[in-house]
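Each chain is listed here by its residues.
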Amino acid sequence: MVPGFPSRPPGGIGMLPSIQRPPMLGIPGVRPIMPPVVRPAVPSVTPAEKPQTTVFVGKIAPTVNNDFILYLLQLCGPVKSWKRAQDPIDGTPKGFGFCEFESPEGLLRALRLLSKFNIDGQELVLNVKATREYLEQFVEKKTENTKKLKDSQAEGDEKEGQSTIDKTVVPNSVVDSKEDNNSGNKESISKNFGIVTDEDKEADRVALEKLTSLIEERLKTNPLPPPPPLAPGNSISEPPANSRDRAPIVDIARNGRATFLDEA
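Scope of this entry: the structure provided in the associated data block.

**Looking at the nonpolar core**
Reasoning step 1: In this structure, V55, L73, F101 and I119 are the most contacted members of the largest nonpolar core, which totals 34 residues.
Reasoning step 2: Those elements that provide at least two residues to this core are β1 (54-58), α1 (66-76), β2 (79-86), β3 (93-101), α2 (104-114), α3 (132-160) and α5 (198-221).
Reasoning step 3: Apart from the residues lying within four places of it in its own chain, the contact partners of I119 are A61, V64, F68, I69, L72, L124, I215 and R218.

Structure, rendered in structure tokens:
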């Protein structure tokens, strides 16, 4: 007797049976709505929190090259970028540019030391009108942190019986900044603006010494040219001797001429 074989599955020979998909929930003939992918929110940084360390440098003398200005700025702090404007036709450097420092400390030091700094007969002009609010916030935060540090040190000294630190001392930078705001002077910045600690004063002193010696050395190697001569018609001459001896009293004669009267 021939043994029985299992019945062949329906379908063609060599073809796999079709697998039915599970029923989809929803309306027949309409694609199901996929739920949106929720991504974690990335914390955005407000413009006030971004470092704003760009300063406008103007009134650069034509005799001052680009590298010299860059070196002066680097004495104040690490420079991220320095771009001096150039003439689009011949590429001649213009008398202004923009410098971006690595940190607000360098920018504040440049404002204190390079504002009205005389180079080749012209005083530099530094303007931070667009970043002044950020600098004021930076100085206030630095002052607050410094005061907290002093207070903590004072508490430790009190426990040990040592002399305490005066807690009522307010840095000159904060006082000068408030006085400038109250007076409505938004353009200029005090020479003490940003000086909070003794380290700031010492860094300013060292940088100022280097700047002064650099300018003195420049004047030795590149002296300033003499002033241009006066025009023939603009020469200033002393008055005649006889007119100096007379009193400044004028008598109008009948013929309309002015004559000097002697003191008698």
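**Structural notes on α2**
Reasoning step 1: Of all 11 residues making up α2, 10 are buried, and the element is well covered by its neighbours.
Reasoning step 2: The set of residues buried in α2 consists of P104, G106, L107, L108, R109, A110, L111, R112, L113 and L114.
Reasoning step 3: K116 occupies a position one or two residues after α2 and carries a positive phi of about 65 degrees.

**Looking at the packing of α2 against α5**
Reasoning step 1: Running from amino to carboxyl end, α2 crosses α5 at an angle of 55 degrees, the nearest separation of the two axes being 11 Å. As judged from the angle between their axes, α2 and α5 are oblique. When you trace α2 past α5, the crossing you get is right-handed. Here α2 contributes E105, R109, R112, L113 and L114 to the contact with α5, which in turn contributes D200, A203, D204, A207, L208 and L211.
Reasoning step 2: Looking at the contact of α2 with α5 residue by residue, the class counts come to 6 nonpolar, no polar and 5 charged.

What counts as what
- Residues numbered from 1 in each chain as written.
- Predicted model: local features only at pLDDT ≥ 70, side-chain atom pairs only at ≥ 80, totals over all residues.
- Heavy atoms only, no water.
- Core = buried A, V, L, I, M, F, W, Y, C linked by side-chain atoms within 4.5 Å.
- Buried < 20%, exposed > 50% of the residue type's maximum accessible area, 1.4 Å probe, protein only.
- Helix = DSSP H or I, 4+ residues; strand = E, 2+ residues; numbered from the N terminus.
- Contact = heavy atoms within 4.5 Å.
- Axes fitted to C-alpha atoms, helices over the stretch in contact; angles between N-to-C directions.
- Parallel < 35°, antiparallel > 145°, perpendicular 65-115°, else oblique.
- Left-handed = near helix turned anticlockwise from the far one by under 90°.
- Nonpolar A, V, L, I, M, F, W, Y, C, P; charged D, E, K, R; others polar.

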